[in-house]
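Survey of secondary and tertiary structure
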Amino acid sequence: MTITPTITSPRILLPAALLLAAGLQVGGAQSVPVNWGSSLSSATYVILDPQIQGNPNAVSAQQRQGVLEAMKRDSAGAIKRRYPNAVIATDSATPGAVQVRPVLVTPSVLAPWNKLTAQLEFRMPVGNNVILKQDFGVLTLWQKQSEAANYMYDVLAQRLP
């Protein structure tokens, strides 16, 4: 797991599934804010608009929209499953809310041996920023099909304190 301070549609087509395609290769941890895990289990979260970084032409605009919707919905669901007492708010101006931005970093080519990086970027109300990220194999996520985003963000959420 690397911690750095600072998609359910009916069916996702093959390229979109490849985009959300999980070998668990992880980097080393860096410094983490002291109060990082102290109140996450009962916090209010706002899921910000997700981002896809890397090769923007890996999928069509329509497929990309489906992937972005799944990232937002499934990252919120993963946080709620990890912390059942958490509240997911929709207003980004909610006072005291932890802002979370789901990010997917795609390789230049969606080949089965390549990896994607899923990130959850946390902006804590006290001003600390934390990025939780992990690499996932394209082939493994392709096998998950429409559950790929759910799988990625569940894996990341299970690593939260």
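Residues numbered from 1 in each chain as written. Predicted model: local features only at pLDDT ≥ 70, side-chain atom pairs only at ≥ 80, totals over all residues. Heavy atoms only, no water.

**Focus: helix H2 (residues 61-82)**
With 22 residues, H2 should cover 32 Å at 1.5 Å per step; its first-to-last C-alpha distance of 31 Å lies within 8% of that length. Considered for burial, the residues of H2 that qualify are Gln63, Gly66, Val67, Ala70, Met71, Asp74, Ser75, Ala76, Gly77, Ala78 and Ile79. (Helix = DSSP H or I, 4+ residues; strand = E, 2+ residues; numbered from the N terminus. Expected span 1.5 Å × (residues − 1). Buried < 20%, exposed > 50% of the residue type's maximum accessible area, 1.4 Å probe, protein only.)

**Some details on the nonpolar core**
Within soluble globular proteins, side chains that are nonpolar tend to cluster in buried spots. Of all hydrophobic cores here, the largest spans 34 residues; its most connected members are Tyr45, Tyr83, Val98, Val100, Phe122, Met152 and Tyr153. Broken down by secondary-structure element, the contributors of at least two residues to this core are strand S2 (44-47), H2, strand S5 (98-105), strand S6 (115-123), strand S7 (129-137), helix H3 (138-144) and helix H4 (148-158). Setting aside chain neighbours within four positions, we find Tyr153 in contact with Met71, Asp74, Ser75, Ala78, Pro102, Val103, Ala118, Gln119 and Leu120. (Core = buried A, V, L, I, M, F, W, Y, C linked by side-chain atoms within 4.5 Å. Contact = heavy atoms within 4.5 Å.)

**Section: the side chain of Gln63**
Examined against the element boundaries, Gln63 turns out to sit in helix H2. Gln63 gets classed as buried once you look at its relative accessible area, which sits at 14%. One polar contact links the side chain of Gln63 to the main-chain amide nitrogen of Ser60, over a distance of 3.0 Å. (Polar contact = N/O pair within 3.5 Å; in protein donor to acceptor, adjacent residues only side chain to side chain.)

**Considerations on the confidence of the model for the protein**
Across the protein, the average pLDDT comes to 80, with 76% of residues at or above 70. Ranking the elements of the protein by mean pLDDT puts helix H1 (residues 14-19) last with 36 and S2 first with 98. Residue range residues 1-30 is modelled with pLDDT below 50. Its contacts to residues more than four positions away, or to other chains, number 110 contacts. (pLDDT = per-residue confidence, 0-100.)

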